[in-house]
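# Report on the structure
So you can see what is in the structure, the chains are spelled out below.
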Amino acid sequence: MSPEYYEDISPSTGTLAPRAWYAASDAKRLPLNETWDFRLSPTAVGSGTEFTEDGYDSSDWDKTVVPGHWVLQGHGAPAYTNVRYPFPVDPPRVPDENPTGDHRCLFDLPADWPGGGETLLRFDGVESCARVWLNGRELGTFQGSRLPHEFRVTGVLRPGRNVLAVRVHQWSAGSYLEDQDMWWLPGVFRDVALHHRPEGAVDDYTVHSSYDHTSGEGTLRVDCRPRGRVTVPELGIDAATGENVVLPVEPWTAETPRLYDARLATPGETVHFRIGFRTVRIEDGQLKVNGKRVLFRGVNRHEFHPEHGRAVDEATMRLDVQLMKRHNINAVRTSHAPPHPAFLDLCDEYGLWVVDECDLETHGFGELDWEGNPVDDERWTAALLDRAERMVERDKNHPSVVVWSLGNECGSGAGLGAMSRWIRERDPSRPLHYENDPECPDSDLYSRMYATHDEVELIGQRKEPPLEDAAADARRRALPFVLCEYAHAMGNGPGGLSEYQRLFETYERCQGGFVWEWIDHGLLRRTDDGRAYFAYGGDFGEEVHDGNFVCDGLLFPDRTPSPGLTEFAKVIEPVRIEVARAEPGGTSGTASDVIVRVRNLHDFAGLGHLDFEWSCQVRGERAGGGPLAVPPLGPGESATVTLPVDAVSAAGGPSGRGEILWTVRAVLAQDTSWAGQGHTVAWGQSAVSPPAAIASSAARTGTEPARHAGETITLGSAVFDTAGVLTRLGPLALTGPRLDVWRAPTDNDEGAPWQPEARSATTWREYGLHRMRHRTDCVEAGPEGLLVRTRVAPAATGLGLRTTYRWSSSAGKVRLAVTVEPEGAWDFPLPRLGLRLGVPAALGDVTWYGGGPGEAYPDTRAASMTGLWHSTVDGMQTPYVRPQENGARPDVQWAELRDSSGRSGGSGTPDPPLPHGPGLRVEAEADPFWLTARRWTSEELDAAEHTTDLVAGETVWVNLDHAQHGIGSQSCGPGVLPQHRLTAAPAEFTLVFGIPDA
Ligand code: IPT
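Given the structure is predicted, the values throughout are model-derived calculations rather than measurements. (Residues numbered from 1 in each chain as written. Predicted model: local features only at pLDDT ≥ 70, side-chain atom pairs only at ≥ 80, totals over all residues. Heavy atoms only, no water.)

### Some thoughts on the site of the ligand
Around the ligand sit 15 residues in total, of which D181, H336, N408, E485 and H488 are the nearest. Residue N408 places a side-chain N or O atom 2.8 Å away from an oxygen atom belonging to the ligand. A distance of 2.7 Å separates an oxygen atom of the ligand from a polar atom in the side chain of H488. Relative to its free-state accessible area of 380 Å², the ligand is covered by the protein chains to the extent of 92%. Counting atoms within 2 Å of the grid points, the majority share of the ligand lands in the second largest pocket. Among the residues forming the shell around the ligand, the class breakdown is six nonpolar, five polar and four charged. (Near = heavy atom within 4 Å. Polar contact = N/O pair within 3.5 Å; in protein donor to acceptor, adjacent residues only side chain to side chain. Areas by Shrake-Rupley, 256 points an atom, 1.4 Å probe, with all protein chains shown as cover. 1 Å grid on protein atoms, 1.4 Å probe; cavity = no way out; pocket = protein on both sides within 12 Å on 5 of 7 lines; lining within 4 Å. Sits in = over half its atoms within 2 Å of the grid points. Nonpolar A, V, L, I, M, F, W, Y, C, P; charged D, E, K, R; others polar.)

### Regarding empty space enclosed by the protein
All told, the structure shown has ten cavities of 30 Å³ or more when counted by the stated rule. By volume, the largest cavity is sized at about 80 Å³. Looking at the largest cavity, it is lined by 13 residues, and the ones nearest its centre are H302, E303, S335, H336 and A337. There are two domains that each give the lining of the largest cavity at least three residues, and those are domain 1 (3-197) and domain 3 (282-571). For the second largest cavity, the calculated volume is near 70 Å³. Residue lining of the second largest cavity: 13 residues in total, with G491, D520, C551, Y880 and V881 positioned closest to the centre. (Points joined across faces, edges and corners; volume = space filled by probe spheres on them. Domains from an automatic or database assignment.)

### Structural notes on the layout of surface pockets
Estimated volume of the largest pocket: approximately 950 Å³. If you trace the largest pocket, you find 46 residues lining it, with S562, P563, T566, P853 and G854 closest to the centre. If you list the elements that add at least two residues to the lining of the largest pocket, you get α8 (563-571), β43 (680-685) and β56 (865-872). Take the lining of the largest pocket: its biggest share by element is six residues, from α8. Taken together, the residues that form the lining of the largest pocket break down as 18 nonpolar, 20 polar and eight charged. Estimated volume of the second largest pocket: approximately 570 Å³. Taken together, 28 residues make up the lining of the second largest pocket; nearest its centre are E409, M449, Y450, W754 and C972. Class assignment for the residues of the lining of the second largest pocket results in ten nonpolar, ten polar and eight charged. (Helix = DSSP H or I, 4+ residues; strand = E, 2+ residues; numbered from the N terminus.)

### Looking at the sheet that holds strand β21 (residues 245-248)
Taken in spatial order, the three strands line up as β17-β18-β21 in an open sheet, and their pairing is antiparallel. Of all strands in the sheet, those bounded by a partner on one side alone are β17 (204-212) and β21. Each strand axis lies, on average, 20° off the axis of its neighbour in the sheet, ignoring direction. Note: β17 against strand β18 (residues 217-225), nine bridges, orientation antiparallel. Across the sheet, the residue bridging to Y211 is G218, located in β18. (Pairing = 2+ DSSP bridges. Axes fitted to C-alpha atoms, helices over the stretch in contact; angles between N-to-C directions.)

### Structural notes on the packing of aromatic side chains
This model, assessed by the stated rule, comprises 38 aromatic pairs. Aromatic pair F87 and W184: ring centres 6.4 Å apart, planes at 65°, arrangement edge-to-face. Taken together, the positions of F87 in the loop between β6 (79-81) and β7 (97-109) and W184 in strand β14 (residues 182-184) put the pair 97 residues apart, joining distant regions of the chain. For the pair shown, F87 and W184 are each scored as buried. Look at Y486 and F504: their rings are 5.5 Å apart centre to centre, the planes differ by 75°, and that puts the pair in the edge-to-face class. With a gap of 18 residues between them, Y486 in strand β33 (residues 481-486) and F504 in helix α7 (residues 497-506) connect regions that are remote in the sequence. Of the residues examined, Y486 reaches a relative accessible area of 1% and is grouped as buried. In textbook terms, an aromatic cluster arises when at least three aromatic residues are bridged by ring pairs, as seen for Y85, F87, W171, Y176, W184, F365 and W380. Of note, R258 hangs over the ring of Y260, and the distance from its end group to the ring centre comes to 4.1 Å. The residue whose ring lies beneath R301 is F343, and the NZ or CZ to ring-centre distance is 3.8 Å. (Phe/Tyr/Trp six-rings, centres within 6.5 Å; stacked < 30°, edge-to-face > 60°. Buried < 20%, exposed > 50% of the residue type's maximum accessible area, 1.4 Å probe, protein only. Lys NZ or Arg CZ within 6 Å of the ring centre and 35° of its normal.)

### So, the domain arrangement of the protein chain
As far as domains go, the protein chain holds domain 1 (3-197), domain 2 (204-279), domain 3 (282-571), domain 4 (575-686) and domain 5 (697-994). Across the contact, 16 residues belong to domain 3 and eleven residues belong to domain 4. Of the roughly 1200 Å² buried between domain 3 and domain 4, counting both surfaces, carbon and sulfur atoms make up 46%. Of all residues in domain 3, K292, R326 and K570 give up the largest surface area on contact with domain 4, accounting jointly for 37% of the area buried on that side. Applying the counting rule to domain 3 against domain 4 returns one salt bridge. The salt bridge involving R576 is made with E505; its shortest N-O contact spans 2.7 Å. (Contact = heavy atoms within 4.5 Å. Buried area = accessible area lost by both parts, 1.4 Å probe. Salt bridge = Lys/Arg side-chain N within 4 Å of Asp/Glu carboxyl O.)

### Here's the deal with the environment of P635
In this fold, P635 is placed in the loop between β40 (621-628) and β41 (638-642). With sequence-adjacent residues up to four places away left out, P635 is seen in contact with K292, N600, H602, D603, F604 and A605.

What follows is the structure in structure tokens.
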């Protein structure tokens, strides 16, 4: 029995050879993106093929929007798996249950559609297999979801009304090659169009545009079938195709995306495109562009939209590129498939280095020890080559594409060798990337994913453990190194970015990496009562799924930047600004003490596009500032400047009025296509002095006595219950504070099942840190205040934390000194160590002096800027798609929570607070604290599966932490680095509570 076409390993029938994609041509095109008639069948053969006939009446069918996925338009459901195939692994067979969408599009050919030449019907992306008919005539079939496919329709197309019928199967032989970690989303999800090809039109063209950095000359040659002429007016080029033109040009780089408008004219067509001159080479064990080592500050980008899946419109693509540029990202790996072709035009235009990855992943065979892996089975080689060709031919003319990637997670095999040989032959101008074969036979880069910092350091030194095969080892050891994936941005995190960046900046071999990944793939859904949330794996009743592992991006699904993106932008800033006082530790330095070191970390660009500004704050209030002259600095150069003394004195400050903060920013000098003038590209701030002066010294003397009064104990304005727990401070009813070590585990705390190291959340739950008990051993009210001794411990273990609270009071403030003594073998880290306090729900306004505006944790705090911040309890929440610990503000010296009635809040704006209502003030005494405030408990946060499960209660729960455990990246990669672990050890910390001035 010959296989059904959808189970056929050979790639397609009836389609044309692939060719370059271009947006602008004078040849006519007719987009067929619109609403089509649609019918879903549960099996591939379910509903007959009568619908393909001309006269068939589909007026009673449902509708579907093309481009789109039917599962996101009310027909069937999306499904998410990471590695596992959601069907039995029996290649190339697929189950009878094979959702099949029949599509009918009735369109009128415009009356002016030219008569001569040919007309092609083009599909830019259909998942996963299509069979196509026009006016009842079958054109052919194809597989290869994220790749273009064209049919010749000349002679079938007719004037007036035409009927296009497309049958799309969710599963096909091709599905075995498309096991990427993402939603399975069948449908016609990219453009469909008719392309007229006049006689003598461009059949295909290839732009060769290299740059010689030693001479400053570019060489241009455009090969074209048929022959024609190329003009580049700005360069005075008017040359025949096939001819080399050498002349001085400005090169293209991701930092300086210089493009030249060009025109290619053949007898039948004129095509407009843009040329970027650049040369990519592997030299001296480094990847170089235009003769220089480049550093990838990259992200992995899947195409994703929370309502439209992989049917991403151009505005969304542009927004992605702009958001990347605004966050200092300079590189994209198009994981794990060629993107919509228009995305690459945007990368050319805005400037991003692109690793263009083929639509190929066979990860699920890893579950079978790679038995039957298509990339190691020659029957599949034609399909693999077809995919490589379709990518390279489509995308070859983009200067932004600097590396071809064979695919992702396919193990190793001869099929990859065939692909690499074909690509090397076809396009020797770009290096190849492939990660999953340790010997790297088909890669010009040594690429890894999720390698630990320690291993990256060894690789940087070219001292990594050797491969068994000496020749392969020698070859690999000479290759440049990239992390094609690192820093798993799932939920809160990723931690440890700064430490990776230090390695990339130290070792020339380490040419950066690509954070996994750009955006959470959460699908927008609503609860029955209409509240919006983002759904993940399992929310659609999938039999096999991988939960929220699909939400691991730097952007939330709606493209709001997550704290992880803010952190990444700071860590990879292309200018490093270090602000230091000449006299270390001085708190009343004058401006002449303040030295600013500026380093230009660009690979190509100077700093002419940036203005520098300094500002000075005293206790968070601006006391001066102005422009800062920084000498011109070429890439890699640095300079030291001193802040202008005159300007500081002219601004009236600062002297002896408390902590002085110096901040220097590099901002865009002019509007750009991706951000406005004044956008902050980089910043630096002087170190913060310890908050010794902050807490009122009067409170420390503890002069008032504590007294029993009936069922309560009073101390100054504080009231406690007989167990010594604070219940009231002046007018405020309070709960606690009591010792708290629990946090709702983050995805990185949960870790991935394949992690070799212990996973924090598993250990914490095993030991019961989510159900600690408090036992009170003594409550002593006396002239010095109130002493409460307790032991805080989980059931069923001998582990405990002896916790002593020493309360004192004077001048209307109460001071709490806490000491913690661990008992037993705490050989795992604590989630947090601090106090949990309940305050009335009305206290929704928050002002703090410390780190902000966004959240930070020990290993995600590079972007935290010290200042006086204002927000609301609601605004301080980070809405991770799967709820988890979030929202901590670090280095807090004091905080006030006030009645928010009548206020609406944004997140962390530096506005001064409005004077209003009663509240609570907390001050640090020696060490600053971490501030978290939320309308639910950590236990409720932990139990929630979606943001809509969180319901505000009568209490705002405030965590005042002495310490936090780091975040790490263990949801896929390495855990928390030793320096960011919170070890259980004796600790002491002191806070002062009071009612703020009205
Ligand atoms: C790696 C995959 O390449 C990527 O597609 C994604 O799944 C990522 O991990 C995690 O989100 S593979 C992983 C099993 C190391």
